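Chain and residue survey
Here is what each chain is made of, one letter per residue.
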Amino acid sequence: MKNAVLKEQTPDAALFTDVKGRFYAAVHAEPVLFHDVLQTGTAMKNIKRGGVLVEYESKLPFEVVLLHSGNVDDATLGKMLALQDKVAVVNAPDARNVIDYKTENEVIDHYANGGLGLAILGVDGSLIGQTMLSFDERNMHFGWVMVDKEFGGNQLCERMLRLGSDIAEAAKMETISAAVRVANRKGIDKFSQQGFNVIGTGQNAKDGAKTLNFGRETNSAEPVCEHMGTRPLSLQSLQAGDKIDYLESMIEQGYTVKWNRQAQWFTFCTPEVKPVQLNDFKLG
């Protein structure tokens, strides 16, 4: 590895129980520290038979691990980049991809400079899901969110988004953000389901892909919308590129932009207006 900061650490055997130790040893050549494992579970593997997607009969045990500079080694880095190649449409920065294609050095720099991440590791040693967590002032940012297509439908992405949000709250972050490509409808669905709204638009610096900037406050209730401010905006019109300016203008006017997964469009609504009280005015 090019950066000496990322190196293997010898775990303290006292941190493991016998059962946990055996399970982690089955997942890793060298077990990670006990506190790095956040959750365990099982996932169904999806395979194709005759071109039709079906569920495999057995389940794969997995664990969700908190990644940092102390446990990201060469083997883990290789798995990260291999998963990226499986998820990406084109194995290079390209507007058709649903993820931001990263180089090895970019991944190393993220962890070497204090960034965190989440990895979903199968008991067979495979990496089936991952995301990066970046911290800036009072905001935590989700980046590089991906799940192996063979394990779609297991709510693994949702699991990482919930755990990442928990980490943001524990770290006293005020807001959480993510940039999702306009072409990535599944990503738009996932973040919207977790209470994120569109707060702006952007453009990927590498390949020019248009993005929707999602955000929400930590420990806050979902905003209540009083009424529609305008007609719904379809995702197709945004993907065509002729409604980006319109979306930005509505955000600047203070409208809340919410994704309606069932209808497949964005709605614009104003926050709930409190009723006027008589004592707000001087009578006479």
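Below is a summary of the structure that appears in this document. Just so we're clear, the structure is a prediction, and the values are computed from it rather than from any experiment. Sequence positions are assigned chain by chain, starting from 1 and proceeding in written order. Where totals are concerned, whole chains, interfaces and linings use all residues; where local detail is concerned, this predicted model gives features only for residues with pLDDT of at least 70, and gives and counts side-chain atom pairs only at 80 or more. Note that water and hydrogens are dropped before the side-chain values are worked out from all heavy atoms of the structure.

**Considering the pairing of strand β3 (residues 116-122)**
When you tally the buried positions in β3, you get 6 out of 7 residues, the bulk of the element. Of the pairings in the sheet, the one linking β3 to strand β4 (residues 127-136) comprises 6 bridges and is antiparallel in character. Bridge pairing in β4 links Leu118 to Thr131. Here β3 hands over to β4 after 4 residues, with Gly125 in that stretch at a positive phi of 90°. Note on classification: 1.4 Å probe, protein chains only; a residue is buried when its accessible area is under 20% of the maximum for its type, exposed when over 50%, partly exposed between these limits. Labels follow the DSSP assignment, with helices taken as runs of H or I lasting at least four residues and strands as runs of E lasting at least two, numbered in each case from the N terminus. By this definition, two strands are paired if DSSP reports at least two bridges between them.

**Here we look at the packing of aromatic side chains**
Here a pair means two rings of Phe, Tyr or Trp (six-membered ring of Trp) with centres within 6.5 Å. Their orientation is stacked below 30 degrees between planes, edge-to-face above 60, and tilted elsewhere. Under the criterion given, the structure shown has 5 aromatic pairs. Each ring, one from Phe142 and one from Phe191, has its centre 5.9 Å from the other, and the planes form 70°; the classification is edge-to-face. Residue Phe142 is located in strand β5 (residues 139-147), and its partner Phe191 is located in helix α5 (residues 185-193); the two are separated by 49 residues in the primary sequence. Exposure remark for Phe191: the relative accessible area of 5% places this residue in the buried category. Taken together, a centroid distance of 4.7 Å and an interplanar angle of 50° make the contact between Trp259 and Phe266 tilted. The pair Trp259 / Phe266 is uniform in exposure class, with both members buried. An aromatic cluster of three or more residues is present, and its members are Phe142, Phe191, Phe196 and Phe214.

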